[in-house]
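Structural features, examined
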Amino acid sequence: MRKLSYFIAVSIDGYIGDPSGEAEFFTRFVDEEFFGFLKEEYPETLPTPGRRPLGIDHLENKQFDTIIQGRRSYGVALDAGITSPYAHMRQLVASRTLTSTDPAVEIVSGDVAAKIRELKREDGLGIYLCGGANLASELVDEVDELVIKTYPLILGSGMPMFGSAYAQTEFALESHRVFGNGVVVRTYSRKR
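Our subject in this report is the structure included herewith. (Residues numbered from 1 in each chain as written. Predicted model: local features only at pLDDT ≥ 70, side-chain atom pairs only at ≥ 80, totals over all residues. Heavy atoms only, no water.)

1. What to know about the sheet that holds strand 6 (residues 126-129)
Reading across the sheet, the eight strands line up as 5-4-3-6-1-7-10-9 and stay open at both edges, with mixed pairing between neighbours. Pairing within the sheet leaves two strands with one partner each, and these edge strands are strand 5 (105-108) and strand 9 (171-178). Going from strand to strand, the sheet's axes swing by 25° on average, the running direction of each strand aside. Summarising the sheet, strand 3 (residues 64-70) and strand 4 (residues 90-94) pair through five bridges and their orientation is parallel. Bridged to I68 within strand 4 is L92. (Pairing = 2+ DSSP bridges. Helix = DSSP H or I, 4+ residues; strand = E, 2+ residues; numbered from the N terminus. Axes fitted to C-alpha atoms, helices over the stretch in contact; angles between N-to-C directions.)

2. Notes on the environment of E118
Along the chain, E118 falls in helix 4 (residues 112-120). Residue classification places E118 among the partly exposed positions, given a relative accessible area of 36%. Counting along the chain gives 49 residues from E118 to A167, while the straight-line C-alpha distance between them is 25 Å. (Buried < 20%, exposed > 50% of the residue type's maximum accessible area, 1.4 Å probe, protein only.)

3. Description of the nonpolar core
Counting 26 residues, the largest nonpolar core has L4, Y6, I68, L129 and L139 as its most contacted members. Those elements that provide at least two residues to this core are strand 1 (4-11), strand 4, helix 4, strand 6, helix 5 (133-138) and strand 7 (143-151). (Core = buried A, V, L, I, M, F, W, Y, C linked by side-chain atoms within 4.5 Å.)

4. A closer look at the side chain of S95
Structurally, S95 is set in the loop between strand 4 and strand 5. The class of S95 is buried, set by a relative accessible area of 5%. A polar atom in the side chain of S95 sits 2.9 Å from the backbone nitrogen of L98. Discounting residues that sit within four places of it in the chain, S95 has contacts with R71, I107, V108 and S109. (Polar contact = N/O pair within 3.5 Å; in protein donor to acceptor, adjacent residues only side chain to side chain. Contact = heavy atoms within 4.5 Å.)

And the structure:
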């Protein structure tokens, strides 16, 4: 059975973006050591338009072969004129308002949790949850793994990892790695 992994960048105080959702400031921490980690362990999480200039267009997917993202996350690519930002994976976008923009991108306008359960029953690599607080909240019961890239910043306020109401959900720490630039990557699996 495939798993849904929330692979997310976050500040020390738990925000994935500023109050508007902007998170570009995290990219300054992608130094040579951290980029080497991403390239070795999670090359598919880097968008297709950046893979060739970074010299990693030839790398195979290692963890994920499917991505689900929210409308706002996908909108970042659309605003840049990119309709298929992860062409090296199966792409789904959860949106109740968006119509088809590219034949390679499937719009999920109905029950997104049901769609994820369907995808989990298929063969293949994992499913990369690349969304914001709203999509993560909608899928919180389906998340099997958290890969949290904590950057050494405090934002004070902003977009939280999950925008849902209070509900305790327990995960177990599987691994952690500390980088010289202060980034810590922790992997948790859901306790079921």
